[in-house]
Amino acid sequence: MTETPQTHTPPPPNGADPAFAPYKPRSPEYRLAADALRGLRQDLFTGAFAYRPLPRMAVDGPVTRRLGGRLGEYASWTPHALIAAAGFLALLVSSTTHGGGNLGLLVGLFTLAPVVLTMVRPVLAFWASLVATLIGAVLDGGYNDWPWPPGAFFSHLVVLAVVAIRTRPRTAAWTWALTAVYGFFAESLFGWGHYTTNTAPMLVVSALVLLAITIWHIRREAEQEVTAQQTVTAHERSRRTLLEERTTIARELHDVVAHHMSVVAIQAEAAPYRVEDPPPELERAFATIRENAVAALTELRRVLGVVRAEDYEAPDAPQPTLADLDALLANVRDAGLDTGKTVTGAVRELPQGVELSAYRIVQEALSNTLRHAPGASARVEIGYVLGGLGLRIVNGPPPEPSLVNPARHPAATPEGGLRPHPSIGAGHGITGMRERVSMLNGEMTAGPTDEGGYEVTVFLPVPATSEGDA
């Protein structure tokens, strides 16, 4: 059996007979010209009558943000006022060059209309400017400045600039090209009876204006792209920091939970030996407790192995508590931070998870002070209240570098300035604090103080333990 290869010819366009009109691929030049014409139709014909009002200017600039009340509201209309002023200037030039009177006012209105139209329909304003230029040149009847009279010259430049600002660079290029086509035909067909023509000045000046606006467009788009990329990067960094902090919390809580589960298993194994002739039911109950404790500890270690790094080493010392704050404050003072501690309320033992989180929050807050406000003083306030634990870490503003004595301040440089001290905390800042507080269903506020410092306030709820539960 012999297979015969078959070739499939693409169908010809417009339903033509393949025998008489074989399909031919389009050349790159043809596709380029078709794309250019398609872009011209999209930019200057499709939606030319679309209503696009000029938005008000944002008043968040370095100068406008200082204006308040009505001045700020008036400042937002600055683009509209500038366009209106340019239109009235074109009207004034047209009316004066035509000797005033009704004819000068009529020509001036023709030059004013396209400029004002740019505030609502920019593409239509370009076509209106070409029509107004032609009408103004015919009504002028002079022998100079063809095909743009002085007022129309200025008006068309303003229209080109506003349309370029309100659209994209490709549209600006098309408006310039059509302006050149109009000037070429106007000079070729009707320029023989005039002493001077101004198509070349129009094209040169408008090209410079449109080039400057195009550069501004490109720079603004680049800034927007950089801003968007920075936003995405900051979001990803915050998300990565949150995941790292959760991993750290999981590692630390493993040591806390593992200790308690180990105690449960040991106590359950030793309990039957503390009772003489325990009943079999009691022995089976304690054996079940020990088996469940060991199984839970095994599962906990297996889950923790997923979030542990390969180079992670379990700490030799137990996890810190609030009793270890004095050592932390001494270490911070050696680093150059003048720190004080105030404890209010009845000091009592809290759950180890709460104590560990409170210690880490104080550690990270003091680390942020060393990093961002070297030389400032800090104060740690701990309040044992009914139903929970309150923390308040507040630091003052950093001192002037010239007021720091290098011989007495560890964070000072020989030149008299202050160097930021490396972090002594986890390095995750406010994000890590909030994650720890959220894990314990607590509340936290953080922000600058009126004196120029920074304050972190935390409340960690602790369920009350009754005597029957103890």
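Here's what I pulled together on the structure shown here.

Calculation criteria
Residues numbered from 1 in each chain as written. Predicted model: local features only at pLDDT ≥ 70, side-chain atom pairs only at ≥ 80, totals over all residues. Heavy atoms only, no water. Helix = DSSP H or I, 4+ residues; strand = E, 2+ residues; numbered from the N terminus. Expected span 1.5 Å × (residues − 1). Buried < 20%, exposed > 50% of the residue type's maximum accessible area, 1.4 Å probe, protein only. Salt bridge = Lys/Arg side-chain N within 4 Å of Asp/Glu carboxyl O. Axes fitted to C-alpha atoms, helices over the stretch in contact; angles between N-to-C directions. Parallel < 35°, antiparallel > 145°, perpendicular 65-115°, else oblique. Left-handed = near helix turned anticlockwise from the far one by under 90°. Contact = heavy atoms within 4.5 Å. Nonpolar A, V, L, I, M, F, W, Y, C, P; charged D, E, K, R; others polar. Pairing = 2+ DSSP bridges. Phe/Tyr/Trp six-rings, centres within 6.5 Å; stacked < 30°, edge-to-face > 60°. Right-handed = clockwise from strand over helix to strand, strands pointing away. Core = buried A, V, L, I, M, F, W, Y, C linked by side-chain atoms within 4.5 Å. Polar contact = N/O pair within 3.5 Å; in protein donor to acceptor, adjacent residues only side chain to side chain.

Moving on, we get to helix 7 (residues 169-190). With 22 residues, helix 7 extends 31 Å from end C-alpha to end C-alpha; this agrees with the ideal 32 Å at 1.5 Å per step. Within helix 7 the residues assigned to the buried category are Thr171, Ala172, Thr175, Thr179, Ala180, Tyr182, Gly183 and Ala186.

Under the criterion given, the structure shown has nine salt bridges. In this structure, the salt-bridge partner of arginine 219 is glutamate 223, at a minimum N-O distance of 3.4 Å. On the criterion of helical spacing, the pair formed by arginine 219 and glutamate 223 is a turn pair, its members being four residues apart in helix 8 (residues 199-270). Residue arginine 392 is joined to glutamate 455 by a salt bridge in which the shortest nitrogen-to-oxygen separation is 2.7 Å. Here arginine 392 is found in strand 3 (residues 388-395), whereas its partner glutamate 455 is found in strand 5 (residues 454-461), with 63 residues between them in sequence. Given a relative accessible area of 22%, glutamate 455 falls into the partly exposed group. Several salt bridges converge on common partners, so that one network encompasses Arg379, Glu381, Arg392 and Glu455.

Attention now moves to the packing of helix 5 (residues 122-140) against helix 7. It is at 11 Å that the axes of helix 5 and helix 7 come closest, and there the two elements cross at 20 degrees. For the element pair helix 5 / helix 7, the angle class is roughly parallel. Regarding helix 5 and helix 7, the two cross each other, and that crossing is right-handed. Contacts from Phe126, Trp127, Leu130, Thr133 and Leu134 in helix 5 reach Thr175, Leu178, Thr179 and Tyr182 in helix 7. Of the residues in the contact of helix 5 with helix 7, the class split is six nonpolar, three polar and no charged.

In spatial order, the strands read 1-2-3-5-4; together these five strands make up an open sheet with mixed pairing. One side of each edge strand has no neighbouring strand; the edge strands of this open sheet are strand 1 (338-344) and strand 4 (443-448). The sheet shows a mean angle of 10 degrees between the axes of neighbouring strands, taken without regard to direction. Relative to strand 5, strand 3 runs antiparallel, the two being bridged by eight bridges. Counterpart to asparagine 395 in the pairing with strand 5 is tyrosine 454. With respect to the sheet, helix 10 (residues 325-334) is in contact with strand 1 and strand 2 (377-385), its orientation differing from that of strand 1 by roughly 160 degrees.

Once that is clear, we can look at the packing of aromatic side chains. Overall, the coordinates contain four aromatic pairs when judged by the stated rule. Ring geometry for phenylalanine 45 and tryptophan 127: centres 5.3 Å apart, planes at 45 degrees, overall tilted. Residue phenylalanine 45 is found in the loop between helix 1 (28-44) and helix 2 (70-75), and its partner tryptophan 127 is found in helix 5; the two are separated by 82 residues along the sequence. Relative accessible area serves as the criterion here: at 26%, tryptophan 127 is assigned to the partly exposed category. Ring geometry for tryptophan 148 and tyrosine 182: centres 5.5 Å apart, planes at 70 degrees, overall edge-to-face. Placement of tryptophan 148 in the loop between helix 5 and helix 6 (150-166) and of tyrosine 182 in helix 7 is noted, with a sequence separation of 34 residues between them. Judged by its relative accessible area of 0%, tryptophan 148 falls in the buried class. Tyrosine 182 gets classed as buried once you look at its relative accessible area, which sits at 17%.

Our focus in this paragraph is unusual backbone geometry. The amide bond that connects tryptophan 146 to the next residue, proline 147, takes the cis arrangement and shows omega of 5 degrees. If you check the backbone angles, asparagine 441 has positive phi at about 60 degrees while not being a glycine. When you line up the elements, asparagine 441 lands in the loop between helix 12 (429-439) and strand 4.

Examined bridge by bridge, strand 1 and strand 2 share seven bridges and lie parallel to one another. Each residue of the ladder has a partner; that of lysine 341, found in strand 2, is valine 380. The β-α-β motif built from strand 1, the intervening helix 11 (residues 352-372) and the parallel element strand 2 has left-handed crossover chirality.

Residue placement: proline 122 occurs in helix 5. A C-alpha to C-alpha distance of 9.0 Å links proline 122 and alanine 164, two positions 42 residues apart in sequence.

This next bit is on the nonpolar core. Judged by nonpolar contacts, the single largest core of 31 residues is most densely connected at Val362, Leu366, Leu389, Leu391, Ile393 and Val458. Discounting chain neighbours no more than four positions away, the residues touching valine 458 are Ile361, Leu389, Gly390, Leu391, Val437, Glu443 and Met444. If you look at the next biggest cluster of nonpolar residues, it comprises 23 residues, including Val115, Val158, Leu160 and Val162.

Turning to the side chain of threonine 167, a few remarks are in order. For threonine 167, the location among the structural elements is in the loop between helix 6 and helix 7. In terms of polar contacts, threonine 167 uses its side chain to reach the backbone carbonyl oxygen of valine 163, at 2.4 Å. Residues contacting threonine 167, with those up to four places away along its chain left out, are Arg52 and His217.

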